[in-house]
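Structural characterization, general
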Amino acid sequence: MIERVREKASLPQRVRIFDTTLRDGEQTPGVSLTVEQKLTIAHQLDRLGVHVIEAGFPISSKGERQAVRRIARAGLDAEVCGLARVLKQDIEACIDCGVDMVHTFVSTSDIQREHTIKKSREEVLELVAEAVSYVREHGITCLFSAMDATRTELDYLLQVFRTAEEAGAGIMNIPDTVGVMVPPAMRLITSEVKRAIRAVVDVHCHNDFGLATANTLAAVEAGAEQVQVTVNGIGERAGNASLEQVVMSLTTIYGVETGIRTEHLYETSKLVERLTGIRMPPNYPVVGENAFSHESGIHTHGVLEKAETFEPGVMTPEMVGHRRRIVSGKHAGVHGVRAMLAEMGVHATEEQVREITARVKELGDKGKRVTDADLLAIAEAVVGEVAKQEKVVELEEFAVMTGNRVLPTASVRLRFRGRELRGAETGVGPVDAALRAVRSVLSEVEDIRLTEYHLEAITGGSDALAEVLVKLEDSRGNVAAGKAAREDIVNASVEAMISAINRIFLMRGIEKG
Ligand code: KIV
Ligand code: ZN
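Let me sum up the structure you'll find in this document. (Residues numbered from 1 in each chain as written. Chains lettered and ligands numbered in written order. Predicted model: local features only at pLDDT ≥ 70, side-chain atom pairs only at ≥ 80, totals over all residues. Heavy atoms only, no water.)

A word on the pattern of salt bridges
Across all of its chains, the model carries 35 salt bridges by this definition. As a salt-bridge pair, E64 and K38 come within 2.9 Å of each other at their nearest N and O atoms. Taken together, the positions of E64 in helix α3 (residues 62-72) and K38 in helix α2 (residues 35-48) put the pair 26 residues apart, joining distant regions of the chain. Looking at E64, the relative accessible area reads 11%, which means it is buried. For the salt bridge of E444 with R419, the shortest nitrogen-to-oxygen distance reads 3.0 Å. Pair noted here: E444 is in the loop between α16 (430-442) and β14 (449-457) and R419 is in strand β13 (residues 419-426), with a separation of 25 residues, a long-range link. Overall, the relative accessible area of 40% leaves R419 in the partly exposed class. A single salt-bridge network, built from bridges that share partners, covers E396, E397, R413, R415, E420 and R422. (Salt bridge = Lys/Arg side-chain N within 4 Å of Asp/Glu carboxyl O. Helix = DSSP H or I, 4+ residues; strand = E, 2+ residues; numbered from the N terminus. Buried < 20%, exposed > 50% of the residue type's maximum accessible area, 1.4 Å probe, protein only.)

Things to note about the coordination of the zinc ion (ligand 2)
Around the zinc ion (ligand 2), the donor atoms from the protein are D24 (OD), H204 (NE2) and H206 (NE2), and they sit 2.0 to 2.1 Å away. Positions of the donor residues of the zinc ion (ligand 2), expressed as sequence spacing, correspond to D-x179-H-x1-H. Of this pair, D24 sits in the loop between β1 (16-19) and α2 while H206 sits in the loop between β7 (200-205) and α9 (212-221), and the two are 182 residues apart along the sequence. For the residue pair D24 and H206, the accessibility class agrees, reading buried in each case. (Donors = N, O, S within 2.8 Å, 3.2 Å for Na, K, Ca; no water.)

Focus: the state of the cysteines
Under the defined criterion, the tally for this structure stands at 0 disulfides. No disulfide involves C81; its sulfur sits 7.2 Å from the nearest other cysteine sulfur, which is in C94. By relative accessible area, C81 is classed as buried at 0%. This cysteine, C142, is not joined by any disulfide, and C81 carries the nearest cysteine sulfur, 9.2 Å off. (Disulfide = S-S within 2.5 Å.)

Concerning the pairing of β1
Bridge analysis of β1 against strand β8 (residues 226-229) gives 4 bridges, and the strand direction is parallel. In the strand pairing of β8, R16 is matched with Q226. Pairing geometry for β1 and strand β2 (residues 52-56), over 2 bridges, is parallel. Bridge pairing links D19 to I53 in β2. Since β1 and β2 lie parallel, the crossover through α2 that links them has a hand, and here it is right-handed. (Pairing = 2+ DSSP bridges. Right-handed = clockwise from strand over helix to strand, strands pointing away.)

Here's the deal with the environment of I489
Within the fold, I489 resides in helix α17 (residues 489-507). Using a relative accessible area of 36% as the deciding quantity, one classes I489 as partly exposed. With 132 residues separating them along the chain, I489 and T357 place their C-alpha atoms 35 Å apart. Those residues in contact with I489 that sit more than four places away from it in its chain are V431, Y453, L455, A466 and V468. (Contact = heavy atoms within 4.5 Å.)

Details of the site of ligand 1
Neighbouring ligand 1 are R23, D24, H103, F105, S145, M147, N173, P175, T177, H204 and H206. At a separation of 3.0 Å, an oxygen atom of ligand 1 approaches a polar side-chain atom of H206. Its free accessible area being 260 Å², ligand 1 has 95% of it covered by the protein chains. Of all the elements in the fold, those that place two or more residues in the shell around ligand 1 are β4 (101-107), β5 (141-147) and β6 (171-176). Its residues assigned to classes, the shell around ligand 1 comprises 3 nonpolar, 6 polar and 2 charged. (Near = heavy atom within 4 Å. Polar contact = N/O pair within 3.5 Å; in protein donor to acceptor, adjacent residues only side chain to side chain. Areas by Shrake-Rupley, 256 points an atom, 1.4 Å probe, with all protein chains shown as cover. Nonpolar A, V, L, I, M, F, W, Y, C, P; charged D, E, K, R; others polar.)

Digging into the side chain of R113
Residue position: R113 is located in helix α5 (residues 110-117). Residue classification places R113 among the buried residues on the basis of a relative accessible area of 6%. A distance of 2.7 Å separates a polar side-chain atom of R113 from the backbone oxygen of K119. Contacts of R113, omitting those with residues within four sequence positions, involve S107, T108, K118, K119, S120, R121, V124 and Y156.

Put into structure tokens, the structure is as follows:
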């Protein structure tokens, strides 16, 4: 079926990826990146192979100008672009940063013209001609956006684009600013714009109805040669078209080249997630934690025989730098549980596997999410010897200093796969300092996040036995719990943390050295 769509479409051979994570993505409510963070993301986008990095909106703040300047001077392969209204001072701020491309924009729809910029149609045409000419006089590539293009009367929109083209803009962007398009409409508007001008046609779709990716692909079907996207689809309101979804659909479904090194997609998504604080839902396509996870017995059985049975096939986890996971839960089957146990290094007989599967289902039936840590605990109960797991991380020693006039400080010495790691950290209290010290020492090898901490006094009195439960998550989304009971809360906390860390490494199947 898709072949018929491909034959009928006006697909270009190659599509340029214009990444606006650092501009529209940073406009996500609550997101604000430092200059260093923006630079880190820019380097990663360059590694990924995007054609253009929209680094920011230089006129908006001193920090933004500094970030755009640093990115423009970073010696990246990607072209670096700055955003500007159709105003000289905005364009000068971009030029001053040393960008390769200026992206200048103005509202063209009646609603935005009348209520925001308060300009007539003729005035807008004059502003477009002046701004584009000004950019071109400086010998810089000009990308022009007719903001709210998809709600602009078509004849006027085409007149705006022709004006921009005559003034020298080489790339014309059709923004679906408030995300109101549907794919057939996006195909139509793109074809009309392509017929009217010779410049490269670019699209910028917002996701208000969850159609940003579909609309972007529809525009490419109608001949758009450049697409504006963001990592993880972040951006104003419901976000922008997602880079991962658009790139993987273009390359694997449509057979259009993008030049993106797709094996870096997962790590790029994780980096942006960590630096922006915007977490992806597990079911997010391509890079979400469940994108290649299977729980139900029928699916895991199929996937273990041949992955394409319950995966797209044309897109594998390896292609995007992700991994396939078999997950336990009430839908689990013996095939999946056997594979998971093998991955964790647990040797169970067929009878034990059946027993473990039954217990996993029982837990799932009670409405519990069965984590990998739960599966290990069940396996431990059924098989017994799992407890004697080899330790990847061993605590050599730790010391904590606290008092009413000193900042609680902890120093830790660990052995990681035979290598000694040491370090110190401060915290709000001795437990916080100790756990921070363990994390900081290990950050050299893995970024571990403490997601839960519970403390319970089992007995009474100041020498009460305290039980600590910690839950950790690693950079790949593995979650593990660790428990320890001691009279000393700090000792119990560190012990529980080390136990959870070892579980995480066991799950990842890291070879012990
Ligand atoms: O959504 C939009 O219209 C924009 C423009 C600046 C292109 O982000
Ligand atoms: Zn936008």
